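# Geometric and topological summary
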Amino acid sequence: MTAVSFNQEVKRSITKSHWANLYNTVYQWCTVNDDSKKEELYFNLKRYFERVATKQEEVFFLSFVFLCFASLTWWFNQQMREYHDDILLREFLKRYENYSNASRKIKNIFAYMHRYFIPNQSPNDPKKIRDVFEMSLLVWRHICWQSLGGRVLKAALAMVDRDRSGEQADRSLLAALVRMYTEIGLEEDPLVFYRREYRTPFIEHTKQYYIKGSFFSLSFRFFLLFAHRPTTAQQTESDAFIQQNSVSEYMKKAEERLAREMMTASYYLHATSHEELKHALEEVLIKRHNDVLQAEFQTMLQHDKEDDMKRFFNLLSRLPDGLTLSANTMKKYLKQRGEDIVTEQASKLKTKQALKNSVPLIDSLLELHKKFVSFRFVSFFTFIFLY
């Protein structure tokens, strides 16, 4: 196990006779009419796992320190400096995979103990005798993850940021990290552990990423790499994007980001977290700028910006009551347009003879009706009718 855990070359695999001897040793210990002997064997194995995990943690920590110092030297090139977090994440996950694979093989050797001793142990026993593989994962969690989890999470979030910015990132590493979080959360519901230790920080980091403006300004992103605390300038960067560009451009970017984030969510998060990510994105990309979007809607109507109105509806319909204000705006606009047409034509229809030729009035009203019952606005009118 030690060789496999440390990714060392194993010159020869275990022979069938050797495996049978190990299995037989476990069998003999477990058939002794003395539970203390079985417990002694179990906890000897646990101490072995602890020694291996401790050594893994020490070696990984030394690698982390080396890369930190190396990144300050002249020979550590810029590309290596930017991707040293990826190197650390890859190394950590490789060691975890090797450790867990070796643990599974050891569990097979202890198969007899699993069948006749471990199932008879009370789950309320303070000694906490459990499945050998589960025990090995808990050892990893309490030693390796407890010490290195914060650095690993930071490296993962940095990789996510680079992926969002269009740089190269190995998404399979992030998927492997998510699997690790769901596997080592054994002392409680594994998803509870995953949500607390990974999903919650991930969602908060995602919100800050868009609030601070990494999405809106590439030059600003490089400043964020060295910033530790958000400033007012950071918090209003997305507002500045809307001010410096059009609302139409913002809506296009918001749509693109929403679609891309949900497409990559299968790598970043467990399937149960996709809805939480969706709500977080809608909060920072739509709700936070709702007033600006609503104010622009009147202009969209006046200038017949059909594509923008369709995009506006698709975005705002994601929010509870997101279309309530715009529905009122549209009602008032249609009412005013109808009244303007009637007023304009009424000045021309002052005689009975003129009233007989009221085709322009009817045509104008029909044109207004035709325009706003087109396919693009069916969803809007459905909402207005229900509202």
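This write-up is about the structure you can find in this document. (Residues numbered from 1 in each chain as written. Predicted model: local features only at pLDDT ≥ 70, side-chain atom pairs only at ≥ 80, totals over all residues. Heavy atoms only, no water.)

### Focus: the overall build of the protein
- Looking only at helices and strands, one finds 20 helices and zero strands in the protein.
- Split into buried and exposed, the 387 residues of the protein put 42% on the buried side.
- Sequence-distant contacts, at least 24 apart, represent 73% of the contacts inside the protein between residues at least 6 apart.
- When the accessible surface of the protein is totalled, it reaches about 21,900 Å², and 55% of it is carbon and sulfur. (Helix = DSSP H or I, 4+ residues; strand = E, 2+ residues; numbered from the N terminus. Buried < 20%, exposed > 50% of the residue type's maximum accessible area, 1.4 Å probe, protein only. Contact = heavy atoms within 4.5 Å. Areas by Shrake-Rupley, 256 points an atom, 1.4 Å probe, with all protein chains shown as cover.)

### Re the packing of helix H7 (residues 132-164) against helix H8 (residues 171-184)
- Remark: H7 packs on H8, axes separated minimally by 10 Å, with the N-to-C direction vectors making an angle of 150 degrees. Taken together, the axes of H7 and H8 lie roughly antiparallel to each other. Considering the relative orientation of H7 and H8, their crossing is left-handed. Across the interface between the two elements, Leu137, Leu138, Trp140, Arg141, Trp145, Gly149, Val152, Leu153, Ala156, Met159, Val160 and Asp163 from H7 touch Arg171, Leu173, Leu174, Leu177, Met180, Tyr181, Glu183 and Ile184 from H8.
- For the contact of H7 with H8, a count of residues per class yields 15 nonpolar, one polar and four charged. (Axes fitted to C-alpha atoms, helices over the stretch in contact; angles between N-to-C directions. Parallel < 35°, antiparallel > 145°, perpendicular 65-115°, else oblique. Left-handed = near helix turned anticlockwise from the far one by under 90°. Nonpolar A, V, L, I, M, F, W, Y, C, P; charged D, E, K, R; others polar.)

### Quick look at the packing of aromatic side chains
- This structure, assessed with the given rule, holds 18 aromatic pairs.
- Ring geometry for Tyr27 and Tyr112: centres 4.8 Å apart, planes at 75 degrees, overall edge-to-face. Of this pair, Tyr27 sits in helix H2 (residues 16-31) while Tyr112 sits in helix H6 (residues 111-116), and the two are 85 residues apart along the sequence.
- Overall, the relative accessible area of 16% leaves Tyr112 in the buried class.
- Both rings, one in Phe49 and one in Tyr99, keep their centres 6.1 Å apart while their planes meet at 65 degrees; by these two values the pair is edge-to-face. Linking Phe49 in helix H3 (residues 35-70) with Tyr99 in helix H5 (residues 84-109), this pair joins segments that are 50 residues apart in sequence. There is no split in this pair, since Phe49 and Tyr99 are both buried.
- Members of the aromatic cluster, connected to one another through ring pairs, are Trp145, Tyr181, Phe193, Tyr194, Tyr198, Phe202 and Tyr268.
- When the ring centre of Trp29 is taken as origin, the NZ or CZ atom of Lys37, which lies over that ring, is 5.9 Å away.
- Cation over ring: Arg164 sits above Tyr209, and NZ or CZ is 5.4 Å from the ring centre. (Phe/Tyr/Trp six-rings, centres within 6.5 Å; stacked < 30°, edge-to-face > 60°. Lys NZ or Arg CZ within 6 Å of the ring centre and 35° of its normal.)

### Examining the side chain of Asp131
- Positionally, Asp131 belongs in the loop between H6 and H7.
- Of note is the side chain of Asp131, whose polar atom sits 2.9 Å from the side chain of Lys107.
- Of the polar contacts made by the side chain of Asp131, one reaches the backbone nitrogen of Phe133; its length is 2.7 Å.
- If we ignore the near neighbours within four places in the chain, the residues touching Asp131 are Tyr42, Lys107, His114 and Ile118. (Polar contact = N/O pair within 3.5 Å; in protein donor to acceptor, adjacent residues only side chain to side chain.)

### Focus: the pattern of salt bridges
- Under the criterion given, the structure shown has 21 salt bridges.
- Between Asp86 and Arg162 there is a salt bridge, with its nearest N and O atoms 1.9 Å apart. Within this pair, whereas Asp86 is found in helix H5, its partner Arg162 is found in helix H7, the two being separated by 76 residues in sequence.
- With relative accessibility at 9%, the residue Asp86 sits in the buried group. (Salt bridge = Lys/Arg side-chain N within 4 Å of Asp/Glu carboxyl O.)

### As for a nonpolar patch on the surface
- A surface patch of nonpolar side chains, amounting to about 250 Å² of accessible area, comprises Ile14, Trp19 and Leu22.
- Residue placement: Ile14 occurs in the loop between helix H1 (2-5) and H2. (Patch = residues over 30% accessible without salt bridge, like charges linked within 9 Å, V, L, I, M, F, W, Y side chains within 5 Å.)

### Overview of unusual backbone geometry
- With a phi close to 60 degrees, Asp321 is a non-glycine residue in the positive phi region.
- Within the fold, Asp321 resides in the loop between helix H16 (306-316) and helix H17 (324-346).
- Overall, Asp321 belongs to the exposed group, its relative accessible area being 66%.

### A look at the environment of Asp291
- By the secondary structure assignment, Asp291 is in helix H15 (residues 290-302).
- Between the alpha carbons of Asp291 and Leu325 there is a distance of 9.8 Å; along the sequence they are 34 residues apart.

### A word on H15
- The first and last C-alpha atoms of H15 sit 19 Å apart over 13 residues, in line with the 18 Å expected at 1.5 Å per residue.
- Within H15 the residues assigned to the buried category are Leu293, Gln294, Phe297, Met300 and Leu301.
- In the stretch just after H15, Asp304 is the one whose phi turns positive, near 55 degrees. (Expected span 1.5 Å × (residues − 1).)

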